[in-house]
Amino acid sequence: MEVKDVKRTVDALFNEMSKVIVGQQDMVQQLLTGLMTNSHVLMEGYPGLAKTLAIKTLAQVLDLSFSRIQNTPDLMPSDITGTTIIEESSSGRRSFKFRKGPVFANIVLADEINRATPKTQAAMLEAMQERQVTVGNETYELDAPFFVLATQNPIEQEGTYPLPEAQTDRFLLKVLVEYPTVEEELGIVDMYGGDTRIPTLRKVLRKTDLAALQRLTRQVPIKNDLQQYIVKIVNKSRNMKDLIEYGASPRASIGLTLAAKARALLQGRKYVSTEDIKEMAFPVLRHRIIPTFEAEREGLSHDDLIKKLF
Amino acid sequence: MPKPVKPTLKRQVRRALAELKTAISVVALVRAVLTCSIIFLVSLLIMQLVSLKWYYAFVPALPFMMVVIIKTLRRATLDEIESILDQEQVSGFRHVLTTIHDTMRIDNEVVRELHRETLGQLRRIKNSYFIRFGNMAGKIVVVMVLSVLIVGLAAFDVRFLDFTQTVEELKDSRFFGTYVLDDSLLQYEENESGDIYGNESLAELGLEELAITLSPVESEIDISDIQDAERRSFAQERAAREIVASNDASYEENIPKEYRKIVKFYFNEITKGG
């Protein structure tokens, strides 16, 4: 894939996904941003907003293997990573064989990740960070590319195990999925409420093309004062002690730079602009800052705090 | 695999950036010269109206001109482009140019593509994009009007005042002349006596140790003469005879003349006894 093909490919991806997903352009764009930066994405939204459907659709239009993990409190780490089983051959000989878990896929949908126990979450997060899995004494590398697209529900907090901040930091983006507009909802009802057949999706992007896209994303140039602007924003989140108790780490600076580059490329530009940084600051930073009690008392949301960093 | 580095593309971009900066600087300088001309002509007009020589016009004009030129040249950078270029085909150009400038040492596929695109855009930019015709035309008109005004006023010898003569007149006037003092008000006598300090002997006496002896023989008071206590009536509400109030002369000194009679009558009344 060459640079001039990027916009055309991205447009084709959007068009293909819009056959199944009505609206939610921001969500789709941010999912693509995660893919282009080879990073994981956490999606939060109320039930019924097509979070799971978007991820499944994305996996269909990409030439990548897909698996789904429905997290429940009784899910064990071995249910994710895989386990060693005894296998008997036809000659009666028994041997141990490692059966790979659902984490051995290119795109892993971790549905309702906050329902899993901390132990199970830790197993998933080791895979996310190290891109490998350890079972017993053996370590197994995960296939590249590897993405975890996790979802969580902001309501129904009973019986959940919220991800600690050190672990949410592993996700590049936290996407807030909003309700569709009236027009979009009419389109959804039209598509899914009638007798219309959902079209078969074609594969738009192959594995090699995705690797090239990821390489091109990192190559997008960014000028010096914008890099300084990014570092200044992240640094300010650590110094605003009256409103932010814990600010973002340097991982956020790297993440924001990559996310801004991805957005620029998605928009068809070959340079990063200030608007890219300001738009991507929200999904990059909202799960990395912890507001103080005063900020919560004033009713300031994470996004309100991020606006004060500009 | 990325293609090998093509030095010609980078060199072209560098040359294009240099040309762009030169074009911006030239246009900005022309604008600055026009502004300076206006400042000088206004100054010259003022000098003519106050009958001063023409070269005095440089005195107020030169500092202004230096500030204008320095400010204009400093701003004649890539930042100027944002304020000047508002054609759609070159929107966001400032970001592109500064990105290229900052990443000149980087060579990859995306940067090369960016260079190619930018070169194409640079070719579309004309020098006329940097010229604000309205603004420049306005300044030229102002210069023409001022020139005609100066020539016309000089031809008809119109002046508001003669500055040199006015300054001379002001020097001779009372406002700047010598102040004549009434010396009698400044006369004084130096006090050579120590009267205001009181009697010196008392001060000296205060330093000595005094031994006082009461001599009962020479005194009129007989302290052994003890009488019985007598009942006395204090029915009359009158102050003791030893206590007397009289109006003090010092009160009269600071009281205005028309009130002195009233104050005197007041004090007389209160001393009558009541």
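Sequence order sets the numbering: in each chain, residues are counted from 1 along the sequence as written. Chain labels run from A onward and ligand labels from 1 onward, assigned in the order the entries are written. Only residues with pLDDT of 70 or above have their local features reported here, since the model is predicted, and side-chain atom pairs are shown and tallied only from 80 upward, although totals for entire chains, interfaces and linings are computed over all residues.

What follows deals with the overall build of chain B. Each helix corresponds to a stretch of at least 4 residues labelled H or I by DSSP, and each strand to a stretch of at least 2 residues labelled E; elements are numbered beginning at the N terminus. A count of helices and strands for chain B gives ten helices and zero strands. Put simply, chain B runs from its N terminus to its C terminus through helices and strands in the order α-α-α-α-α-α-α-α-α-α. Considering chain B as a whole, with its 274 residues, one finds that 10% of them fall into the buried category. Once C-beta atoms have been placed from the backbone, residue pairs whose C-beta atoms lie within 7 Å are recorded as contacts. Sequence-distant contacts, at least 24 apart, represent 73% of the contacts inside chain B between residues at least 6 apart. Residues with at least 20 neighbouring C-beta atoms inside 10 Å of their own are called buried, those with 12 or fewer are called exposed, and the rest are partly exposed, where every C-beta is derived from the backbone.

All right, on to helix 1 (residues 3-17) of chain A then. Spanning 15 residues, helix 1 of chain A covers 22 Å between terminal C-alpha atoms, matching the ideal 21 Å at 1.5 Å per step. Turning to helix 1 of chain A, its buried residues are Val3(A), Val6(A), Val10(A), Leu13(A), Glu16(A) and Met17(A). All buried residues of helix 1 of chain A project into a common sector of 125° when viewed along the axis, lining one side. The exposed residues of helix 1 of chain A that point more than 90 degrees off its buried face are Lys4(A), Arg8(A) and Asn15(A). Structurally, helix 1 of chain A contributes buried residues whose contacts are with helix 2 (25-36), helix 3 (51-61), helix 8 (207-219) and helix 10 (250-266) of chain A together with helix 5 (109-124) of chain B. One fewer than the residue count of a helix, multiplied by 1.5 Å, yields its expected span. As used here, the arc belongs to the directions running from the helix axis to the C-beta atoms.

What follows covers helix 9 (residues 224-239) of chain A. All names here are of chain A. Between its terminal C-alpha atoms helix 9 stretches 22 Å, which fits the 22 Å expected from 16 residues at 1.5 Å a residue. Turning to helix 9, its buried residues number three or more, namely Leu-226, Ile-230, Ile-233, Val-234 and Ser-237. Angularly, the buried residues of helix 9 cover 85° about the axis, an arc narrow enough to put them on a single face. Exposed and oriented more than 90 degrees from the buried face of helix 9 are Asn-224, Asp-225, Gln-228 and Asn-239. Considering only its buried residues, helix 9 is in contact with strand 10 (244-246), helix 10 and helix 11 (274-285).

With that out of the way, let us pick up the interface of chain B and chain A. Contact residues are listed per partner, giving 15 residues for chain B and eleven residues for chain A. Elements with a minimum of two residues in the side of chain B that touches chain A: helix 4 (93-102) and helix 5 of chain B. Element by element, the count of residues in the side of chain B that touches chain A is highest for helix 5 of chain B, at six residues. Amino acids are sorted into nonpolar (Ala, Val, Leu, Ile, Met, Phe, Trp, Tyr, Cys and Pro), charged (Asp, Glu, Lys and Arg) and polar (every other residue, Gly among them). A per-class count over the side of chain B that touches chain A returns five nonpolar, six polar and four charged.

Let's shift gears to the nonpolar core. Counting 91 residues, the largest nonpolar core has Leu149(A) and Leu256(A) as the members making the most contacts within it. Residue contributions to this core peak at nine residues, all from helix 10 of chain A. Here Leu256(A) is in contact with Ile230(A), Val234(A), Ile277(A), Met280(A), Ala281(A) and Val284(A), once residues within four sequence places are set aside. Within the second largest apolar cluster, five residues are counted, among which are Leu44(B), Met47(B), Ala57(B) and Ala61(B). For the purposes of this analysis, a nonpolar core is taken to be any set of buried Ala, Val, Leu, Ile, Met, Phe, Trp, Tyr and Cys residues that are connected through C-beta atoms within 7 Å.

The next subject is the environment of Thr181(A). Residue and element names in this part refer to chain A. With respect to the helices, strands and loops of the structure, Thr-181 is situated in the loop between strand 9 (171-176) and helix 7 (182-192). The class of Thr-181 is exposed, set by 10 C-beta atoms lying within 10 Å. In this structure, the C-alpha to C-alpha distance between Thr-181 and Gly-23, residues 158 residues apart in sequence, is 8.2 Å.

Note that every value here comes from positions in space, so none of it alone points to a role or purpose.
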